[in-house]
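Chain and residue survey
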Amino acid sequence: MIAVLQRVSHAQVEVDQKIVGKINKGLLILLGVCKDDDESDAKFLADKISVLRIFKDENKNMNLSLQDVDGSVLVVSQFTLCGDWRKGRRPGFQKAAMPEEANRLYGYFSKLIKGKNIPVETGVFGAMMNVTLTNDGPVTFVMDSKEK
C-alpha cells in the first residue's frame, strides 16, 4: 500500500462539479492499493500516519501529530501510485489491486484513521475526481507499507 501524504491548510475533492470531501488543517492522503496488500498494510499505515509528527509546534519544529493539532484527513484513492513506469512509455498497472479489493482496503484504511478520533473525509472510489489543495510547507511524504 502506497500513501502520499501532503500536509495541507485546505484540501477538497470534487466529483461531477460537486464537493464530496473537504478539510482544513490536516493531511491529504493519496492512497494506492497494490494487489499484494491486505489489512496489515492498512493498519501499519494508519497507525504510523496518525502519530507521525509532521506539524509545526510553537518553535516551528515538526513535533506535532494530526491528533495534537486536531487535524483532519482527506483520503483519495489513486491506483496510479501502483503503476510501473520503468519499461516503455506507458505505465503498466499489473501491481494494482483489483477494484473490489482495492475499494475494500481503501474503506478499511479510512475506518482505521476514523477510529483514532481523527475526522476523515474521502473521495469517491473509481470516480474521476478533481483534487484541490493548499500544501502547507510544502511538506510531502511517500510511504510504502512494504518498507517497514
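Now for a look at the structure at hand. (Residues numbered from 1 in each chain as written. Predicted model: local features only at pLDDT ≥ 70, side-chain atom pairs only at ≥ 80, totals over all residues. Heavy atoms only, no water.)

Relative to the elements of secondary structure, Ser110 occurs in helix H2 (residues 99–114). Not counting residues up to four positions away in its chain, the partners in contact with Ser110 are Val75, Val120 and Thr122. (Helix = DSSP H or I, 4+ residues; strand = E, 2+ residues; numbered from the N terminus. Contact = heavy atoms within 4.5 Å.)

This part covers the environment of Glu39. With respect to the helices and strands, Glu39 occurs in helix H1 (residues 39–51). Those residues within four positions of Glu39 in sequence are excluded, and the remaining contacts are Arg104, Leu105 and Tyr108. A distance of 2.6 Å separates the side chain of Glu39 from the side chain of Arg104, its partner in a polar contact. (Polar contact = N/O pair within 3.5 Å; in protein donor to acceptor, adjacent residues only side chain to side chain.)

Take the environment of Leu74 next. Among the secondary structure elements, Leu74 is positioned in strand E6 (residues 72–77). Note on Leu74: relative accessible area 0%, which makes it buried. Separated by 52 residues in sequence, Leu74 and Lys22 place their C-alpha atoms 6.9 Å apart. If we ignore the near neighbours within four places in the chain, the residues touching Leu74 are Ala11, Gln12, Val13, Gly21, Lys22, Ile23, Leu27, Leu28, Ile29, Glu121, Thr122 and Gly123. (Buried < 20%, exposed > 50% of the residue type's maximum accessible area, 1.4 Å probe, protein only.)

Take the pattern of salt bridges next. Here the structure, examined in full by the defined rule, presents eight salt bridges. Lys146 serves as the salt-bridge partner of Asp37, at 3.4 Å between the closest nitrogen and oxygen. In this pair, Asp37 is assigned in the loop between strand E3 (26–32) and H1 and Lys146 in the segment after strand E8 (130–144), connecting sequence segments 109 residues apart. Since its relative accessible area comes to 5%, Asp37 is described here as buried. We classify Lys146 as partly exposed; its relative accessible area is 42%. One salt-bridge network, held together by shared partners, links Asp37, Asp41 and Lys146. (Salt bridge = Lys/Arg side-chain N within 4 Å of Asp/Glu carboxyl O.)

Moving on to the side chain of Arg7. You can see Arg7 is positioned in strand E1 (residues 2–15). For Arg7, a relative accessible area of 3% gives the class buried. Within polar-contact distance, the side chain of Arg7 engages the backbone oxygen of Ile54 at 2.7 Å. Filtering out sequence-adjacent residues up to four positions away, Arg7 remains in contact with Gly26, Leu27, Ile54, Phe55, Lys56, Met62, Thr134, Asn135, Asp136, Gly137 and Val139.

Right, let's talk about H1 for a bit. Taking 1.5 Å per residue as the helical rise, H1 with its 13 residues ought to reach 18 Å, and the 19 Å between its terminal C-alpha atoms agrees with that figure. Three or more residues of H1 are buried, namely Asp41, Ala42, Leu45, Ala46, Ile49 and Ser50. One face of H1 carries all of its buried residues, which in axial projection span an arc of 145°. Buried residues along H1 sit in contact with E1, E3, H2 and E8. (Expected span 1.5 Å × (residues − 1). Arc of directions from axis to C-beta.)

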